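Residue-level listing of the chains:
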Amino acid sequence: DSATILQWRPETDDTGSLALGDGTKDMDVKVFLNASTKYALFDVGNSYLTLEDVDLRLGDNDELQFGDGAAGSGGDVRMAWNSSKLVMLPLVDDTGYLAIGDGTTDMDVWITLGNATKYVLFDAGNDYLTLSNVNLRVANILTSASPTAGVLYMVAGTRAVHVS
């Protein structure tokens, strides 16, 4: 390729590695992307990968993986876009949960449904749930407090109140 200035290639595919440093004596690596204000920085001293004014693009079926998990498992949790939805899966079924906030430092959750006037808002600062221009539909609910499927009850202590 006439546009290639520098290229490293192994004799055999997928062998060896390129190491900068040895774990004791290391250096940062900064790659500029079209401007001095746009770069990817591997910051050794702080153990960060910083993307400054640069987007991280993941294609269909590419994954973000969190946790160490078992070898080859994809981590403890993985997230991927599958061409139609964002999917988050744990390594082991029915483990963990998605937490937004920690009970001290929290944020609202706003889900828009079709247009800006239709939304669900979980307001952490005011302790309320808002349903704006949307309907609450409870289908096939069946608990000890609401013995009739499809009927919504509000439970206060041990007393269930029918809501119609």
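Details of the structure are given in the entry above.
Notes on the structure follow. (Residues numbered from 1 in each chain as written. Predicted model: local features only at pLDDT ≥ 70, side-chain atom pairs only at ≥ 80, totals over all residues. Heavy atoms only, no water.)

## Considering the overall build of the protein
The line we're drawing: In DSSP terms, a helix is any run of H or I states spanning at least four residues, a strand is any run of E spanning at least two, and both are numbered starting from the N terminus. The buried label applies to any residue whose accessible area, calculated with a 1.4 Å probe on protein chains only, is under 20% of its type's maximum; exposed applies above 50%, and partly exposed to all values in between. It only takes one pair of heavy atoms within 4.5 Å for two residues to be counted as in contact. Only the protein chains shown count as cover for residues, and the accessible areas themselves come from Shrake-Rupley with a 1.4 Å probe.
Helix and strand counts for the protein come out as zero helices and 11 strands. When the helices and strands of the protein are read in sequence order from the N terminus, they spell out β-β-β-β-β-β-β-β-β-β-β. Classification of the 164 residues of the protein by burial places 9% in the buried group. Across the protein, contacts joining residues at least 24 apart in sequence account for 0% of those joining residues at least 6 apart. In the structure as shown, the protein presents an accessible area of about 14000 Å², 52% of it carried by carbon and sulfur atoms.

## Examining the sheet that holds strand β1 (residues 29-35)
Pairing between the strands of a sheet is mediated by backbone hydrogen bonds and can be parallel or antiparallel. Put simply, the rule is: DSSP bridges decide pairing: two strands pair if at least two such bridges lie between them. Note on method: axes are straight lines fitted to C-alpha atoms, helices fitted across the in-contact stretch only, with angles between N-to-C directions ranging 0 to 180 degrees.
The sheet built from three strands is open, its strands ordered β1-β2-β3 with antiparallel pairing. Whereas interior strands pair on both sides, the edge strands pair on one side only; in this sheet they are β1 and β3 (48-52). In this sheet, adjacent strand axes meet at a mean angle of 5 degrees when their direction is disregarded. Pairing of strand β2 (residues 38-43) with β3 involves five bridges; the strand directions are antiparallel. The partner of L41 across the bridge, within β3, is T50.

## As for the environment of N46
The test is simple: We define a polar contact as two N or O atoms separated by no more than 3.5 Å, with the added condition that, inside protein, one atom must be a possible hydrogen donor and the other a possible acceptor, whereas residues neighbouring each other in sequence contribute only through side-chain atom pairs.
Of note, N46 is situated in the loop between β2 and β3. Among the residues examined, N46 registers a relative accessible area of 48% and is labelled partly exposed. For the pair formed by N46 and D28, sequence separation is 18 residues and the distance between their alpha carbons is 9.8 Å. Separated by 3.0 Å, the side chains of N46 and D43 make a polar contact.

## A closer look at the pairing of strand β6 (residues 86-90)
Regular strands have side chains that alternate between both faces of the sheet. With five bridges joining them, strand β5 (residues 77-81) and β6 adopt antiparallel strand pairing. Note on β6: the bridge partner recorded for A80 is V87. Hairpin connection of β5 to β6: four residues between the antiparallel strands, including S83 at a positive phi of 85 degrees.

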